[in-house]
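Observations on the three-dimensional arrangement
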Amino acid sequence: MARQMDSGFLAWLRRDLLLAWRRRGEVASPVLFFIMVSTLIPLGLTPESTRLAEVAAGMVWVMALLATLLSVDGLFASDYQDGSLEQMLITPQLLPLPVLGKITAHWLTTGLPLTLVSPLLGLMLSLPAAGFIPLLWSLALGTACLSLIGAVGAALTVSLRKGGLLLTLLVMPLYMPVIIFGSASVSYAIDGINWLPPLAVLGALCAAAVALCPLAVAGALRATASN
Amino acid sequence: MNLFSDWTWFHRLGSPRWFYQNSGRWLPWLSVVTLVVLATGLVWGLAFAPADAKQGNSFRIIYIHVPASFLALAGYYIMAIAGAVGLIWKMKLSYMVMKSAAPIGAVLTFIALFTGAVWGKPTWGTYWVWDARITSMLILLFLYAGVMALQYAYHSVDAASKAGAILALVGTVNIPIIYKSVDWWYTLHQPATIKLTSAPSMHPDMFQPLLVMIAGFYLFYALVLILQTRNEILRRERNTSWVRELAAAKMTTNTIANEAKSE
Amino acid sequence: MSLSSSSLLSIENLAFERDDSRLFDGINLTVNGGDILQIEGANGSGKTTLLRLLTGALQPSAGRINYQGQPISENRYDYLADMLYIGHQPAVKLNLTAEENLRWMVASAAKSNRVAVADALAEVGLAGYSDIPCYTLSAGQHRRVALARLLISEARLWYLDEPFTAIDKQGVSLLQSCLQHHVAQGGLVVLSTHQDLALNNVRKYNLLSRAEYLV
């Protein structure tokens, strides 16, 4: 049984990673978006480092959320168009496993790079030194949540021609807890409070999302993509 | 899959036609009861309940605000449960109830937000504050908007129903998390002195009309939901023989009435 | 196995409706190993829907599909592992090479022989293309990549939706010999096509008239 499960998860993970590697330019765009929009903040707000420092944590988090949201739209789109999604629906494996493989690949190609460049943005936005480590940790866990929840929206809108904007509408309210606890752990650290509790809540959210979101995605794909 | 194949009675209960015909019989009674309860609550609350010591008469908006907030949240669960029943037992009527519940809930959420803002101006001096409960209400409005937008985005009724039901269920799991996290977020950013989340104890003279209003809103919600569902039934079943017969019967009575009038 | 005496695939009283309009109902069919069943019918008569009902991607509104005498919902894993479906879209990823595409398709199917990928590509006439991403290939070549799955697959049940679309004459004869070989080994083919097949023992089923006849 374990081998069968592996084959569903790993096959789709490997395939999506390979595909991402072939489309490196496209995959890099959320990260570029993340960096570029962050340069708008000093331009629109103030170049003064003390005032930037106040909003840095929240801004980095909002940008990361938007960047994930932009990329999650394409999670099932090309598979839907070329018939691969249809093949996924009829694999003998339990559907949530290939789904989880795809989501994992999405996180590895967007959430993880976003996390890794976030210290750079922290520097640009004068994030206080204490905030860097919590920023990394909270983004690593948080972007995984964002990918998982975003996948539900992507699955619900995959068969709609103009699903992108609708997806944003569906997913945004569900993202609220993630951004609250994610940015809170950073601001706790900056204020010198123990920042592990909000991070632990984020971890709990992530665990719940890993368990529940692939099920919801599988249900959504069966309900909508097959019509 | 065939676990429920013997539940024919259950499916009969879920037949849109059965619902339409029976709800038509209860409807006049429900309307009268709703009207009486709402009128009692409103007159009692607005005219006879004592004015608040600090807020004066402006507090009376709670007789709309509080019941609307109650039903806004309860309505989301009613919608999600209807969607779940549809998904599990493939019951069409249930999907129709779900679809009808979404706009009602959204309007109630909007009323709660609007009355909150109106009440906020004299009380806090501003229409909008990022209070925990207001923020949660706003997110609830977004959740309703998502379910409605998804329903309208699909051409296929079946796909729209299933997608809407799944989204409503995902929202149901999320609502407690959202409420708790917004609550937590609020206490993080706001000093405890102006915390508004704990309701102050109310004088019974003020509280009793509120209870009547809440009951009235529940009745009103049920009434509007049934009316909306009946519309939805007619729209979706417009090609069936029983709806056609119904329409034909209505047409003839109307022409007879018109002829009688013209004579 | 005692089950092998019952038919490999049987369809009982199958009906499908979408948005309360009935596409078809009362379909009864039995297909055994060695059979080729060709589904006919005008556009919109539900050929693709019937095939997708067979794959389990769609749920029938009434009736059932049996695999080796058991409803497919009760032994879903065995059924799907023994099935191969090629739909309208060939499920070819444009950024992958033909070989990668085929390897991946083979990996996601449960019963397949993993070594024969290169041979299969050679046989469908894509020998020199193994390193070239599929976006440089034509639509017909994409179909050939998908058809190469047939050469590797060990599944007994093949469901093919318009498999002759966009492929040339030589490809058509290759595909036909492939089908012939499959049924000779006891496999089963259900396909939809408007083309007349140059094969023996093809049963035709017309979705509109419900007539079933041997060619």
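Since the model is a prediction, treat every value here as computed from it, not as a measurement.

**Quick notes on the overall build of chain C**
- On a plain count of helices and strands, chain C comes out with 6 helices and 10 strands.
- In terms of overall dimensions, chain C has C-alpha extents of about 50 × 40 × 35 Å along its principal axes.
- Each of the 215 residues in chain C was classed as buried or not, and the buried ones make up 40%.
- Contacts in chain C between residues far apart in sequence, at least 24 positions, make up 71% of those at least 6 positions apart.

**Considerations on the overall build of chain B**
- Along its length, chain B carries 8 helices and 0 strands.
- Along its sequence from the N terminus, chain B presents helices and strands in the succession α-α-α-α-α-α-α-α.
- Buried positions account for 33% of the 263 residues belonging to chain B.
- Sequence-distant contacts, at least 24 apart, represent 79% of the contacts inside chain B between residues at least 6 apart.

**A look at the interface of chain A and chain B**
- Of the residues lining the interface, 21 residues belong to chain A; the matching set on chain B comes to 24 residues.
- Looking at the side of chain A that touches chain B, the elements with two or more residues in it are α7 (132-157), α8 (163-190) and α9 (196-224) of chain A.
- Counting residues per element, the side of chain A that touches chain B draws most heavily on α8(A), which supplies 11 residues.
- A class-by-class count of the residues in the side of chain A that touches chain B yields 18 nonpolar, 3 polar and no charged.

**Here we look at helix α4 (residues 92-124) of chain B**
- Between the first and last C-alpha of α4(B) there are 47 Å, a value that for 33 residues agrees with the 48 Å anticipated at 1.5 Å per step.
- Among the residues trailing α4(B), B:Gly125 stands out with phi positive, at a value near 80 degrees.

**Some words on the confidence of the model for chain B**
Residues and elements named next belong to chain B.
- Taken residue by residue, chain B gives an average pLDDT of 86. The fraction at 70 or more is 89%.
- Model confidence for chain B, summarised as mean pLDDT per element, is weakest for helix α1 (residues 8-13) at 62 and strongest for helix α3 (residues 62-89) at 94.
- Every residue in residues 1-5 is under pLDDT 50, and counting partners more than four places away or in other chains gives 2 contacts.
- Here residues 191-198 is a poorly scored stretch, pLDDT under 50, and it has 5 contacts once near neighbours within four places are set aside; other chains count.

**A few points about the packing of helix α3 (residues 49-72) of chain A against α7(A)**
All names here are of chain A.
- α7 packs onto α3 with a crossing angle of 35 degrees between their chain directions and a minimal axis gap of 9 Å. The chirality of how α3 crosses α7 is right-handed. For the pair α3 and α7, the contacting residues are Ala57, Val60, Ala64, Leu65, Thr68, Leu69 and Val72 in the first and Leu135, Leu139, Thr143, Leu146, Ser147, Gly150, Ala151 and Ala154 in the second.
- The residue inventory of the contact of α3 with α7, partitioned by class, reads 11 nonpolar, 4 polar and no charged.

**As for the interface of chain C and chain B**
- If you look at the interface, chain C gives 4 residues, while chain B gives 5 residues.
- The residue inventory of the side of chain C that touches chain B, partitioned by class, reads no nonpolar, 1 polar and 3 charged.

**Some points on the sheet that holds strand β1 (residues 9-18) of chain C**
All names here are of chain C.
- If you trace the 4 strands from one edge of the open sheet to the other, you get β2-β1-β4-β5, paired in antiparallel fashion. The outermost strands of the open sheet, each flanked by one partner alone, are β2 (21-31) and β5 (70-71).
- Bridge count between β1 and β2: 7 bridges; the pairing is antiparallel. Bridging across to β2, Ile11 finds its partner in Leu29.
- Along the sheet face, helix α1 (residues 47-55) touches β1, β2 and β4 (62-67) and points at about 120 degrees away from the line of β1.

**Side note on the packing of α3(A) against helix α6 (residues 96-124) of chain A**
Residues and elements named next belong to chain A.
- Between α3 and α6, whose axes approach to 11 Å, the crossing angle comes to 155 degrees. Here α3 lies roughly antiparallel to α6, going by the angle between them. Our pair here, α3 against α6, has a crossing hand that is right-handed. Residue-level contacts link Ala56, Val60, Ala64, Ala67, Thr68, Ser71 and Val72 of α3 to His106, Thr110, Gly111, Leu114, Ser118, Leu121 and Gly122 of α6.
- Tallied by class, the residues present in the contact of α3 with α6 amount to 7 nonpolar, 7 polar and no charged.

**Comments concerning the environment of A:Leu123**
- Secondary-structure assignment places A:Leu123 in helix α6.
- The spacing of A:Leu123 and A:Ala53 is 70 residues in sequence and 9.6 Å in space, taken between C-alpha atoms.

**Regarding the sheet that holds strand β10 (residues 212-214) of chain C**
All names here are of chain C.
- A sheet is described by the order of its strands in space; here 6 strands give the open sequence β6-β7-β8-β3-β9-β10, paired in mixed fashion. If you trace the sheet from one side to the other, it starts and ends with β6 (83-86) and β10, each paired once. Direction aside, neighbouring strands of the sheet carry axes that sit 15 degrees apart on average.
- Sheet topology note: the β6/strand β7 (residues 157-161) ladder contains 4 bridges and is parallel. Bridge assignment links Tyr85 to a residue of β7, and that residue is Tyr159.

**Regarding the pairing of β1(C)**
Residue and element names in this part refer to chain C.
- What sits between the antiparallel neighbours β1 and β2 is a turn of 2 residues, in which Asp19 has the positive phi angle 50 degrees.
- Across 5 bridges, β1 lies against β4 in antiparallel orientation. Of the residues in β4, the one forming a bridge with Ser10 is Asn66.

**Examining helix α6 (residues 169-184) of chain C**
All names here are of chain C.
- Compared with the 22 Å implied by 1.5 Å per residue over 16 residues, the 23 Å span of α6 between its first and last C-alpha is a close match.
- Along α6, the residues classified as buried are Leu175, Leu179, His182 and Val183. In a view along the axis of α6, the buried residues occupy a sector of 90 degrees, so they form one face of it. In this structure, α6 carries Lys169, Gln170, Ser173, Ser177, His181 and Ala184 as exposed residues pointing more than 90 degrees from its buried face.
- Next to the buried residues of α6 lie β3 (36-40), α5 (139-152), β7 and β8 (188-192).

**As for the environment of B:Thr40**
- Within the secondary structure, B:Thr40 sits in helix α2 (residues 16-48).
- B:Thr40 sits 19 residues away from B:Gln21 along the chain, and the two C-alpha atoms are 30 Å apart.

**A few points about unusual backbone geometry**
All names here are of chain C.
- Backbone geometry at Gln68 places phi at a positive 50 degrees, although glycine is not the residue there.
- With respect to the helices and strands, Gln68 occurs in the loop between β4 and β5.
- In the Ramachandran plot, Ala91 falls in the positive-phi region, its phi being about 60 degrees despite a non-glycine side chain.
- Counting through the fold element by element, Ala91 comes out in the loop between β6 and α3 (98-108).
- With 24 C-beta atoms counted inside 10 Å, the residue Ala91 sits in the buried group.

Here is what the cut-offs are and how they apply
- Residues numbered from 1 in each chain as written.
- Chains lettered and ligands numbered in written order.
- Predicted model: local features only at pLDDT ≥ 70, side-chain atom pairs only at ≥ 80, totals over all residues.
- Helix = DSSP H or I, 4+ residues; strand = E, 2+ residues; numbered from the N terminus.
- Buried ≥ 20, exposed ≤ 12 C-beta atoms within 10 Å, placed from the backbone.
- Contact = placed C-beta atoms within 7 Å.
- Nonpolar A, V, L, I, M, F, W, Y, C, P; charged D, E, K, R; others polar.
- Expected span 1.5 Å × (residues − 1).
- pLDDT = per-residue confidence, 0-100.
- Axes fitted to C-alpha atoms, helices over the stretch in contact; angles between N-to-C directions.
- Left-handed = near helix turned anticlockwise from the far one by under 90°.
- Pairing = 2+ DSSP bridges.
- Parallel < 35°, antiparallel > 145°, perpendicular 65-115°, else oblique.
- Arc of directions from axis to C-beta.

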